[in-house]
Amino acid sequence: MKRKKSGDRERLSGAKIRIRIGAAALAAAVAVFVILLQIEKSVLGQYEKEIVYVASAPIPKGQVIAEENFSGYFTQQELDVRCVPETALRRPEQVWGMAAVFDVEKGVLLTRGMFEGMEDVLKGMTDPVIAGFRAEDMYQVVGGTLRAGDRVHIYCIQDGEAVLAWEAVYVQQVFDASGGNIPSGDKSKTAQRINVYLDKEDVGDFYKSLAEGSLRVVKIYE
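Residues numbered from 1 in each chain as written. Predicted model: local features only at pLDDT ≥ 70, side-chain atom pairs only at ≥ 80, totals over all residues. Heavy atoms only, no water.

## Remarks on unusual backbone geometry
Glycine aside, negative phi is the norm for most residues, and most peptide bonds take the trans geometry. What counts here: Here a helix means four or more residues in a row that DSSP labels H or I, a strand means two or more in a row labelled E, and each is numbered from the N terminus.
The phi torsion at aspartate 159 lies on the positive side, around 50°, for a residue other than glycine. Note that aspartate 159 resides in the loop between strand E7 (151-158) and strand E8 (161-175). With a phi angle near 50°, alanine 168 is a residue other than glycine that sits in the positive phi range. Looking at the secondary structure, you find alanine 168 in strand E8.

## Structural notes on the sheet that holds strand E10 (residues 215-219)
Threshold: At least two bridges found by DSSP between two strands are what make those strands a pair. Angles shown run from 0 to 180 degrees and are taken between the N-to-C directions of axes, each axis being a line fitted to C-alpha atoms and, for helices, limited to the stretch in contact. Any two residues whose heavy atoms approach within 4.5 Å are treated as being in contact.
With respect to topology, five strands assemble into an open sheet ordered E6-E9-E8-E7-E10, the strand pairing being antiparallel. Two strands in the sheet have a free side with no partner beyond their single neighbour: strand E6 (128-134) and E10. Between one strand axis and the next, the sheet turns through 40° on average, direction left out of account. As paired strands, E7 and E8 are joined by seven bridges and run antiparallel to one another. Bridge pairing in E8 links valine 152 to valine 169. Of the strands in this sheet, E6, E7, E8, strand E9 (193-199) and E10 are in contact with helix H4 (residues 203-212), which crosses E6 at around 5°.

## Describing the nonpolar core
Here is the rule: In this text, buried Ala, Val, Leu, Ile, Met, Phe, Trp, Tyr and Cys residues form a nonpolar core when linked through side-chain atoms within 4.5 Å. For the exposure calls, accessible area comes from a 1.4 Å probe over protein chains only, and a residue counts as buried if that area is under 20% of its type's maximum, exposed if over 50%, partly exposed in between.
Core analysis: the biggest nonpolar cluster contains 22 residues, and Phe133, Met138, Ile154, Ile194, Val196, Phe206 and Leu215 have the highest contact counts within it. Put simply, the parts of the chain that give this core at least two residues each are E6, E7, E8, E9, H4 and E10. With 15 residues, the next largest nonpolar core counts Tyr53, Tyr73, Phe74 and Leu110 among its residues.

## Focus on the sheet that holds strand E5 (residues 115-116)
Spatial ordering of the open sheet is given by E2-E4-E5, a layout of three strands whose pairing is antiparallel. The open sheet has two free edges, formed respectively by strand E2 (64-65) and E5, since each of these has just one partner strand. Sheet analysis places E2 next to strand E4 (residues 98-100), joined by two bridges and oriented antiparallel. Across the sheet, the residue bridging to valine 64 is alanine 99, located in E4.

## Topic: H4
Basically, it comes down to this: To be clear, the arc concerns the directions from the helix axis to the C-beta atoms.
Along H4, the residues classified as buried are Val203, Phe206, Ser209 and Leu210. For H4, the buried positions fall inside an angular range of 135° around the axis, keeping them on one side. Residues of H4 that are exposed and point more than 90 degrees away from the buried face comprise Lys208, Ala211 and Glu212. Contact partners of the buried residues in H4: E6, E7, E8, E9 and E10. Backbone geometry just downstream of H4 places glycine 213 in the positive-phi region, at approximately 75°.

If you want it as structure tokens, here you go:
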């Protein structure tokens with residue numbers, strides 16, 4: 001049996017050292033990776049999450065939210081609790097029966113201030129009622145563009161002057177020529193019949209002036 005030369009022994013010894021160094025480096029890399037994962041997990045765990053609602057589709061101004069159409073406009077999203085305002089919507093029933101105050105874009109984080117209930121609409125009225133009129137009964141009526149949720153000023157022409165008779169009147173519902181309800185988001189149809197909220201004590205004067213053809217409507221842009 002031949003004895004290994006010293007050069008062979010040195011090469012074998014060097015190879016073993018390189019293997020050991022490589023194994024140690026790999027073990028160190030794995031250890032660092034595990035530590036980084038634990039750090040990331042710990043950091044992410046510090047952020048508390050909360051389920052809130054965002055708009056899954058554009059919500060037109062005046063659109064009344066009900067249990068039946070809620071899922072068409074709202075979707076849940078998990079957010080960092082630090083990014084969630086106190087007024088954020090957390091439960092569907094918070095907005096049922098309420099209407100959008102303005103047009104809400106898709107993806108917007110929703111808050112209670114974006115919607116108003118009938119108590120807000122009827123605030124200040126003693127005995128609110130719904131009064132209706134035809135577009136042809138009132139001059140021009142803003143070109144048929146009125147929609148539920150709009151507010152209008154109604155003027156009365158007296159002695160050749162326009163006098164503000166009713167301020168910021170809330171449009172309750174509008175209909176097309178066939179009597180069908182026009183949704184708030186429909187921009188194509190022309191409003192032919194309009195329902196508005198008035199105090200009961202004002203209805204007599206309203207219809208009297210309407211019959212005389214002296215009323216004019218001005219839409220409030222908000």
